[in-house]
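Each chain, written out:
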Amino acid sequence: MTVSLKAMEYFTTALRHRNIAKAAAELNIAPSAVATAIDQVEAAFDLTLITRQRSRGITANTSGRLVAQKFNRLLEDYRAVLAEGADLKQALSGTLRIGYYAPIAPAFLPTILASFVPKGTDVTLHLDECDNDSAQDGLLNGTYDVILFVSEDVRPAIDFDVLVEAPAYCLVPAGHAFAQQPSVTMAQVATQPLVVLNRPVAAAYYKNLFDAYARDLTIAAYANATEMVRSLVSAGHGCAVLNMQPLTQQTYCGARVTGLPISDALPPLTLSIGYDKSRPRRLIQHFVDACQAHFAEQGPQRCLVE
């Protein structure tokens, strides 16, 4: 037994007016459509629910009144769900779930979030650091509302906007001889022991950079966390090539590092924001707008070495 929402609405409107023609006028449809809906409802229940009287219109029997009451409750619930959905879409409240493959996101995300979430609003933030594939999987399966990720490896189903193209730079201990130079070359970097960020996408990117400029490399350490790379470099284990840097030169271990531009023409890594562009909630769109505004500005807050 199947009764459409449209048939429920036509049926209950006809019973409210006790007249098919008046119901049709309110609904702006033909009277025959109302009569057909009544027939469909009666056929679905295999019951006679109304009495038709040419001179007096229609009258519901006991079963008809009971069915109409239940239909009205269902229609009220349906309209409430639609209204709540519209409110949710427009509200600067609710939960915002962000997945990010951007190891230095703690350097810029708190500032971005503070720029558009009004004080006193009911917004709950969930932030997960993940790899590039997990971020994209999470967006597609609904785990995340929005993701920050490297779009060189983007899935065809992901809608995204580019936030910034991050050039490669060389990270050295603060007291290293390179730190006195305005920039370095990849050939110079290749002469040093290297600490390599060993994360998906990044590892392949750095391997391609070094393969183009040097064959004999000395790898001092692999690490899958950017802050571990920075701390190893600051402690003198070697140099590193990275793409984005936090706003502080001090590392977790207390020593300092310096980021130097690389003068060779190298391909950047692209930080992008992925989200459902077709029907974004207001909260999501405000976050996207805030990210775009943040990275449109010039200066150290973009976390780039230029």
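Residues numbered from 1 in each chain as written. Predicted model: local features only at pLDDT ≥ 70, side-chain atom pairs only at ≥ 80, totals over all residues. Heavy atoms only, no water.

Here we come to the layout of surface pockets. Put simply, the largest pocket is a space of about 270 Å³. The wall of the largest pocket is formed by 16 residues, among which Pro103, Ile104, Pro106, Glu227 and Tyr252 lie closest to the centre. The dominant element in the lining of the largest pocket, judged by the number of residues it contributes, is helix α9 (residues 226–234), at four residues. Across the lining of the largest pocket, the residue classes tally to eight nonpolar, four polar and four charged. (1 Å grid on protein atoms, 1.4 Å probe; cavity = no way out; pocket = protein on both sides within 12 Å on 5 of 7 lines; lining within 4 Å. Points joined across faces, edges and corners; volume = space filled by probe spheres on them. Helix = DSSP H or I, 4+ residues; strand = E, 2+ residues; numbered from the N terminus. Nonpolar A, V, L, I, M, F, W, Y, C, P; charged D, E, K, R; others polar.)

If you check the backbone angles, Asp46 has positive phi at about 55 degrees while not being a glycine. Residue position: Asp46 is located in the loop between α3 (31–45) and β1 (50–53). The exposed category is assigned to Asp46, whose relative accessible area is 69%. At Val201, a residue that is not glycine, the phi angle is positive and equals roughly 75 degrees. As for its placement among the helices and strands, Val201 is situated in the loop between β8 (194–197) and α8 (202–213). (Buried < 20%, exposed > 50% of the residue type's maximum accessible area, 1.4 Å probe, protein only.)

Of all residues in the protein chain, 94% attain a pLDDT of 70 or more, and the chain-wide mean is 88. Strand β7 (residues 169–173) holds the highest mean pLDDT among the elements of the protein chain, 96, whereas helix α4 (residues 62–90) holds the lowest, 75. (pLDDT = per-residue confidence, 0-100.)

A word on the side chain of Thr13. Position of Thr13 among the secondary structure elements: in helix α1 (residues 5–17). Among all residues touching Thr13, those that are not within four sequence positions of it are Ala23, Glu26 and Leu27. (Contact = heavy atoms within 4.5 Å.)

Taken in spatial order, the three strands of this open sheet run β10-β7-β11, and their pairing is antiparallel. The sheet is open, and its two edges are formed by β10 (240–242) and β11 (257–261), each paired on a single side. Here the average twist between neighbouring strands, direction ignored, is 35 degrees. (Pairing = 2+ DSSP bridges. Axes fitted to C-alpha atoms, helices over the stretch in contact; angles between N-to-C directions.)

Two elements in contact, α1 and α3, have axes separated by 8 Å at closest approach and are oriented at 105 degrees. On the basis of the axis angle, α1 is roughly perpendicular to α3. Facing α1, whose interface residues are Ala7, Tyr10, Phe11 and Ala14, α3 presents Ala33, Val34, Ala37, Ile38, Gln40 and Val41. Taken together, the residues of the contact of α1 with α3 sort by class into nine nonpolar, one polar and no charged. (Parallel < 35°, antiparallel > 145°, perpendicular 65-115°, else oblique.)

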